[in-house]
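Geometric and topological summary
Given next are the chains, with one letter for each unit.
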Amino acid sequence: MKRAVSILIFVISAASSHAQIDVDYYLNAVMEYSHQLAAAEAATEGADADMLRARKGYLPSLDMGRDVDYSFRKRNGERRLGWTMRADVSQALFDGGSVRAAVKQAEARYGVREGEERSAMLDVEYEAVACYWSLSRADIYLQAMSYYRDIIVSLRDVVKRRYDEGYTSKSDLLQVESRLSDAEYLYSSAEQQRLVALHAFNTLCGQNPTREVVLMESILDTMCRPQREAFDDVVARHPDYAVSLAESEYARWGVKAARAEFLPSINIGVYGLWQPNSPNVKGAGTRLDGGVALSFHTPIFHFGERSVALRSARSAQQVAAIGVESVLDRLSLEESDGWTNILSTEARVEAARRNLSLARENLEISTYSYHEGLATILDVLQAQLSWLQIYENAIAAHYDYALAIAAYRRITAVEWQMR
């Protein structure tokens, strides 16, 4: 019900043709709609039920049954149809630790599912944020291509007028026309990229792929560099490490479960019987019987099955222990690479900002000089290309920096709501 209400609120708020959405709002909508998260939650609920079921093994059991027999030969007036009803209450006094091992394994499996659910949440958060910034990049790139096309159209108009007045050659006009055709191609490509990003953006939160939206946040906004996380803190809260520990615990109790199968077991039970009196003749009536039973069972010889089973379980435990160390190494590497990526992309953002200012100034000077007859059309076209390349680099740098921050949050298991 909560999921349905959240999706309904998102639909109503986005009913306008241009819904305004910020990162937090979009993130919540994606998480409410996510099939991946729903599946992870269902798996955790199933593991919880398995854990509760395993704990029932500590409790006594009550069983009832009824046997009916029919004799083809009738002896001494006895009835051919006989029956017996039995009720048993049994309790294990000692089972070699099999129930305890089963409970501990179920608890470990529940821990695995919980960790996987949180890992899925981090994955969905990163995917949503990355999708948001992808649409922001596509919007900005489309605006840049529109501006680029406009300045070439403006230049074409100037060159056309000068050509008509006889102040410039047809070669200049043809070069500008060719550049305008290229700008139209780039603009069309940018439109396609923007539509693809929009479709992914809407689909991820369960909306109509073609619904138009307006983003309230942009990759060009100032983003503060996050504080580097201590590796011990990362390990302590990271779901992948928690999953590896739970899997190791599951394997450890697997050894105990394998051993318990070959240990003695003692059970005590109370039973009750209801059956016809013997001989089973008409009018004989029925009787109630009961008693207490103590059973003992121990394996003696299974052709070495016990040692083979233990060797297999211990191998699984060793694999799980190695998996824990492998996760630690991977987290250390990913954290270092993630932090390096933040520093590198941040440096590229600063360089792109400086270069973009210079390229814009160069474009203005070249355009003015051409109007005054102090520069050639090639100088102007070269300045335009330089500005376009630097602007594209600036967009890419800002996008990479935004993704680097989101990726570092995923690597260090810092949830987006903790901002």
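One can find the structure itself at the top, above this paragraph.
Below is a summary of the structure that appears in this document. (Residues numbered from 1 in each chain as written. Predicted model: local features only at pLDDT ≥ 70, side-chain atom pairs only at ≥ 80, totals over all residues. Heavy atoms only, no water.)

Right, let's get into the overall build of the protein chain. Each helix and strand counted, the protein chain has 9 helices and 6 strands in total. What you see for the protein chain is a C-alpha radius of gyration of 37 Å, clearly larger than the 22 Å of a compact globule of 419 residues, by over 25%. In terms of its C-alpha atoms, the protein chain occupies a principal-axis envelope of roughly 135 × 45 × 35 Å. Scored against the burial criterion, the 419 residues of the protein chain give a buried share of 38%. A fraction of 81% describes how many contacts in the protein chain between residues 6 or more apart in sequence connect residues 24 or more apart. Surface summary for the protein chain: the accessible area is close to 24,000 Å², and the carbon and sulfur share equals 54%. One finds the centroid of the 46 positive side-chain charges in the protein chain at a distance of 12 Å from the centroid of its 56 negative side-chain charges. (Helix = DSSP H or I, 4+ residues; strand = E, 2+ residues; numbered from the N terminus. Rg over C-alpha atoms; globule rule 2.2 N^0.38 Å. Buried < 20%, exposed > 50% of the residue type's maximum accessible area, 1.4 Å probe, protein only. Contact = heavy atoms within 4.5 Å. Areas by Shrake-Rupley, 256 points an atom, 1.4 Å probe, with all protein chains shown as cover. Lys, Arg positive; Asp, Glu negative; His and termini not counted. Charge placed at Lys NZ, Arg CZ, Asp CG, Glu CD.)

We now examine the pairing of strand β6 (residues 286-297). Burial of β6 is sparse: only 0 of the 12 residues sit out of reach of the surface. Strand direction decides the pairing type here: strand β5 (residues 265-276) and β6, joined by 12 bridges, are antiparallel. Looking at β6, one finds that Asn267 is bridged to Ser295. (Pairing = 2+ DSSP bridges.)

Applying the stated criterion across every chain yields a total of 20 salt bridges. Asp123 serves as the salt-bridge partner of Arg410, at 2.6 Å between the closest nitrogen and oxygen. Of this pair, Arg410 sits in helix α9 (residues 377-411) while Asp123 sits in helix α4 (residues 98-164), placing them 287 residues apart in sequence. The closest approach of N and O atoms between Glu229 and Arg237, which form a salt bridge, is 2.8 Å. Counted as one network, the salt bridges with shared partners bring together Arg55, Lys104 and Glu107. (Salt bridge = Lys/Arg side-chain N within 4 Å of Asp/Glu carboxyl O.)

A word on the sheet that holds strand β2 (residues 61-70). Taken in spatial order, the 4 strands of this open sheet run β2-β3-β5-β6, and their pairing is antiparallel. Sheet topology places β2 and β6 at the edges, where each strand pairs with a single neighbour. Averaged over all adjacent pairs, the angle separating strand axes in this sheet is 20 degrees, with direction ignored. (Axes fitted to C-alpha atoms, helices over the stretch in contact; angles between N-to-C directions.)

Moving on, we get to the packing of aromatic side chains. Tallied over the full model, the rule gives 9 aromatic pairs. Ring geometry for Tyr132 against Trp133: centres 5.3 Å apart, planes inclined by 85 degrees, an arrangement best described as edge-to-face. On the basis of relative accessibility, which here comes to 0%, the residue Tyr132 falls in the buried class. With relative accessibility at 4%, the residue Trp133 sits in the buried group. (Phe/Tyr/Trp six-rings, centres within 6.5 Å; stacked < 30°, edge-to-face > 60°.)

Below, the discussion takes up the packing of α4 against helix α8 (residues 305-371). With their axes 11 Å apart at the nearest point, α4 and α8 run at an angle of 15 degrees to one another. Here α8 runs roughly parallel to α4, going by the angle between their axes. Classified by chirality, the crossing of α8 by α4 is left-handed. Note on element contacts: α8 touches α4 through Leu363, Tyr370 and His371, opposite Ile151, Leu155, Val158, Val159 and Arg162. Tallied by class, the residues present in the contact of α4 with α8 amount to 6 nonpolar, 1 polar and 1 charged. (Parallel < 35°, antiparallel > 145°, perpendicular 65-115°, else oblique. Left-handed = near helix turned anticlockwise from the far one by under 90°. Nonpolar A, V, L, I, M, F, W, Y, C, P; charged D, E, K, R; others polar.)

We now examine the side chain of Ser34. Tracing the sequence through the fold places Ser34 in the loop between α2 (23-33) and α3 (35-55). In this structure the side chain of Ser34 is engaged in a polar contact, spanning 3.1 Å, whose partner is the backbone nitrogen of Leu37. (Polar contact = N/O pair within 3.5 Å; in protein donor to acceptor, adjacent residues only side chain to side chain.)

Before going further, it helps to spend a moment on unusual backbone geometry. Phi is positive for Phe303, which is not a glycine, with a value near 55 degrees. Among the structural elements, Phe303 can be located in the loop between β6 and α8. The phi angle at Ala413 is positive, at roughly 60 degrees, despite the residue not being glycine. Looking at the element boundaries, Ala413 is found in the segment after α9.

A cluster of nonpolar side chains, namely Leu62, Met64, Val89, Leu93, Phe94, Ile268, Val270, Val292 and Leu294, defines an oily patch on the protein surface of about 910 Å² accessible area. Where the nonpolar patch is concerned, the elements lending two or more residues are β2, β3 (81-94), β5 and β6. The leading source of residues in the nonpolar patch is β3, at 3 residues. (Patch = residues over 30% accessible without salt bridge, like charges linked within 9 Å, V, L, I, M, F, W, Y side chains within 5 Å.)

Here we come to the pairing of β2. Little of β2 sits inside the fold, with 0 of its 10 residues counted as buried. Bridge count between β2 and β3: 10 bridges; the pairing is antiparallel. In the sheet register, Ser61 faces β3, and the bridge partner there is Ser90.

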